[in-house]
Amino acid sequence: MLMLSGKAFAGWYQVENYEGSIGPNPVHFSLQRYAGFGSGITVEGSYFHDARQSPIAIYGKADGSRLTLCEITDDKEFERVLVMGSKTPVDTTRCPFSLEIDENAATGSWSKGADKFPVTLKKVASFDDTGDLKIDGTVEIPFWAVTPTARFAGIYTKSDAGICMTKMQVINKKKGKVVQEIGFDDPDCNAGMLMTTIYMNVQKWMEGGKDIISVNFRGGGAGYTEDYVFNSKARKYRKRK
């Protein structure tokens, strides 16, 4: 699970990114599969409507090529299901997404109440560090952390030291544009690779009325974090020393 002496050891990330639509609305999807996150969950992910740019946490189960996915609706559910982990098996029978996935695409439906829309997705990128390191396309991870004005995306690439996040983008949700890129001085390729759901490798919290963004790094046993504080004058995040 660690990077030692520049040699890559097997990790646990299998991530696939998709672009497409839910009904008439363009969306971006990212899904991470695992043998089990707990409570029967085998898939977690993050997706956003292009028009809103605000990631929605999703989770569910894979049964062969079929995925049933639920949306997190509030902070209490997020804490109970994704942070703490449900103490009872998760029921996905009433979840809105029902998808069939093949090698290059996913199709199905999203339904809630009387509303039902077709879902059409095309795979655009992926990476897998569970065996031989494989990466395809530009892997952009839409982290669950958001502020009222920004979302955060990690750009993951492959180097001699492995696969990791080489830069974090700050994206203005209203404009849908990158307003800042933060690179990492990380020769061991540990950024964004702490052994947790990949979408939690960047987290947001408040201190003294200021937004703090914490980036997780693998290494040093339990890993470590680097904090970035929003500088209101510069309108940018600065690394806290």
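So, how was this worked out
- Residues numbered from 1 in each chain as written.
- Predicted model: local features only at pLDDT ≥ 70, side-chain atom pairs only at ≥ 80, totals over all residues.
- Heavy atoms only, no water.
- Helix = DSSP H or I, 4+ residues; strand = E, 2+ residues; numbered from the N terminus.
- Buried < 20%, exposed > 50% of the residue type's maximum accessible area, 1.4 Å probe, protein only.
- Pairing = 2+ DSSP bridges.
- Axes fitted to C-alpha atoms, helices over the stretch in contact; angles between N-to-C directions.
- Contact = heavy atoms within 4.5 Å.
- Polar contact = N/O pair within 3.5 Å; in protein donor to acceptor, adjacent residues only side chain to side chain.
- pLDDT = per-residue confidence, 0-100.
- Arc of directions from axis to C-beta.

**Examining the environment of Ala 222**
Then comes step 1: Assignment of secondary structure puts Ala 222 in the loop between β17 (210–217) and β18 (224–231).
Then comes step 2: Residue classification places Ala 222 among the exposed residues on the basis of a relative accessible area of 65%.
Then comes step 3: C-alpha separation for the pair Ala 222 and Met 195, spaced 27 residues apart in sequence, amounts to 8.9 Å.

**A short note on the sheet that holds strand β13 (residues 150–159)**
Then comes step 1: Spatially, β12-β13-β14-β15 is the arrangement adopted by the 4 strands of the open sheet, whose pairing is antiparallel. Two strands in the sheet have a free side with no partner beyond their single neighbour: β12 (139–146) and β15 (177–183). Across this sheet, the average inter-strand angle for adjacent strands is 30 degrees, counted without regard to direction.
Then comes step 2: Alignment of β12 against β13, held across 5 bridges, turns out to be antiparallel. Pairing of Glu 140 across the sheet is with Ile 155, part of β13.

**Regarding unusual backbone geometry**
Then comes step 1: A positive phi angle, near 60 degrees, is found at Gln 53, a position not held by glycine.
Then comes step 2: With respect to the helices and strands, Gln 53 occurs in the loop between β5 (41–49) and β6 (56–63).
Then comes step 3: Not every positive phi belongs to a glycine, and Cys 189 is a case in point at roughly 60 degrees.
Then comes step 4: One can find Cys 189 in the loop between β15 and β16 (202–207).
Then comes step 5: The class of Cys 189 is buried, set by a relative accessible area of 2%.

**As for the pairing of β13**
Then comes step 1: For β13, a buried count of 7 out of 10 residues is recorded, marking the element as mostly surrounded by other parts of the structure.
Then comes step 2: Where β13 folds back on strand β14 (residues 162–172), the antiparallel hairpin that results is connected by 2 residues.

**Section: the environment of Ser 46**
Then comes step 1: Among the secondary structure elements, Ser 46 is positioned in strand β5.
Then comes step 2: Here Ser 46 falls in the buried class, since its relative accessible area comes to 0%.
Then comes step 3: When the C-alpha positions of Ser 46 and Asn 216 are compared, they lie 18 Å apart, and in sequence the two are 170 residues distant.
Then comes step 4: Setting aside chain neighbours within four positions, we find Ser 46 in contact with His 28, Phe 29, Ser 30, Pro 55, Ile 56, Ile 58, Pro 142, Phe 143, Trp 144 and Tyr 199.
Then comes step 5: Within the local environment of Ser 46, its side chain forms a polar contact with the backbone oxygen of Pro 142, the two atoms lying 2.8 Å apart.

**A few points about the confidence of the model for the chain**
Then comes step 1: Here the chain averages 91 in pLDDT, while 95% of its residues score no lower than 70.
Then comes step 2: Segment residues 1–9: pLDDT under 50, and 22 contacts once partners within four positions in sequence are set aside and those in other chains are kept.

**Concerning helix α1 (residues 75–83)**
Then comes step 1: For α1, the full list of buried residues reads Glu 77, Val 81 and Leu 82. For α1, the angular spread of buried residues about the axis comes to 85 degrees, placing them on one side. Exposed side chains of α1 directed beyond 90 degrees from the buried face belong to Asp 75 and Lys 76.
Then comes step 2: On the buried face of α1, the contacting elements are β5, β6, β7 (66–71) and β12.
Then comes step 3: Just past α1, the residue Gly 85 takes up positive phi, approximately 90 degrees.

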